[in-house]
Amino acid sequence: MPKNKGKGGKNRKRGKNEADDEKRELVFKEDGQEYAQVLRMLGNGRCEATCIDGTKRLCHIRGKMHKKVWIAAGDIILVGLRDYQDDKADVILKYMPDEARLLKAYGELPDTTRLNEGIAGGLDEEDDGAGDDYIEFEDEDIDKI
């Protein structure tokens with residue numbers, strides 16, 4: 001039997017449910033920071049995001065958030081811009097959905113930003129063309145196959 005050399009097992013790594021950040025203060029951007037919406041996750045602690053100023057940036061998730069705050073496509077994040085690399089940024093904060101709605105209400109985010117979608121630029125919910133995916137075949141078409 002090997003000796004346990006760590007400080008605990010699987011349950012210690014999992015930790016307690018830290019739900020105390022539900023009532024946190026809304027953080028606005030400062031100099032050198034920008035709001036962004038995640039386009040896709042790339043793996044290795046990185047994601048691709050479109051900033052509000054219109055540029056696509058490769059964002060690195062900082063170590064404090066890594067494996068603790070889960071970021072998905074469509075989330076609104078606060079990124080820190082780099083002085084020496086304009087095409088890269090660092091994720092500072094992920095906004096909860098209610099915080100993102102408040103930012104949009106305060107005018108910090110433009111009205112064109114879509115908040116409650118998994119992937120930025122997805123389908124609109126107002127689309128009436130729900131039957132567009134259905135293709136009807138005639139009997140002759142089936143016989144030819």
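Remember, it's a predicted structure, so these values are computed and weren't measured experimentally.

Some points on the sheet that holds strand E5 (residues 88-94)
A barrel is described by the order of its strands in space; here five strands give the closed sequence E1-E2-E3-E5-E4, paired in mixed fashion. Here the strands of the sheet are splayed against their neighbours by 50 degrees on average, with no regard to which way each runs. Sheet topology note: the strand E4 (residues 76-81)/E5 ladder contains five bridges and is antiparallel. Note on E5: the bridge partner recorded for Gly-80 is Asp-90.

Re the pattern of salt bridges
Here the structure, examined in full by the defined rule, presents seven salt bridges. Of the charged contacts, one joins Asp-90 and Arg-82 as a salt bridge, the two residues approaching to 2.8 Å between their closest N and O atoms. Here the salt bridges share partners, and the residues they tie into one network are Asp-53, Arg-57 and Asp-86.

As for the nonpolar core
If you look at the biggest cluster of nonpolar residues, it comprises 13 residues, and the most contacted ones within it are Ala-36, Cys-59, Ile-71, Ile-77, Val-79 and Val-91. Those elements that place two or more of their residues in this core are strand E1 (33-43), strand E2 (46-51), strand E3 (56-61), E4 and E5. Of all the elements, E2 adds the most residues to this core, at three residues. One finds Leu-26, Ile-76, Leu-78 and Tyr-95 within the second-largest nonpolar core, a separate group that totals nine residues.

Things to note about the pairing of E2
Judged from the six bridges that link them, E1 and E2 form a sheet pairing that is antiparallel. Counted as the bridge partner of Gly-43 is Arg-46 from E2. Taking the residues between adjacent antiparallel strands as the criterion, E1 and E2 are bridged by two residues, where Asn-44 takes a positive phi near 60 degrees. Alignment of E2 against E3, held across five bridges, turns out to be antiparallel. Bridging from a neighbouring strand, Ala-49 pairs with Arg-57 of E3. Between E2 and the antiparallel strand that follows it, E3, lie four residues; Gly-54 among them carries a positive phi value of about 105 degrees.

The rules behind these values
- Along every chain, residues carry numbers that run from 1 in the direction the sequence is written.
- This being a predicted model, a pLDDT of at least 70 is required before a residue's local features are given, and a value of 80 or more before pairs of side-chain atoms are given or counted; all residues contribute to the totals for chains, interfaces and linings.
- The side-chain numbers reported here are obtained from all heavy atoms of the structure, hydrogens and water having been left aside.
- Between any two strands, pairing holds if DSSP finds at least two bridges.
- Helix numbers and strand numbers start at the N terminus; a helix is a DSSP run of H or I with at least 4 residues, a strand a run of E with at least 2.
- Note on geometry: axes are C-alpha line fits, over the in-contact stretch for helices, and angles between N-to-C directions span 0 to 180 degrees.
- Salt bridges are counted wherever a side-chain nitrogen of Lys or Arg sits within 4 Å of a carboxyl oxygen of Asp or Glu.
- Here, nonpolar core refers to any group of buried Ala, Val, Leu, Ile, Met, Phe, Trp, Tyr and Cys residues whose side-chain atoms link them within 4.5 Å.
- Burial classes follow relative accessibility: with a 1.4 Å probe on protein chains only, a residue under 20% of its type's maximum area counts as buried, one over 50% as exposed, and anything between as partly exposed.

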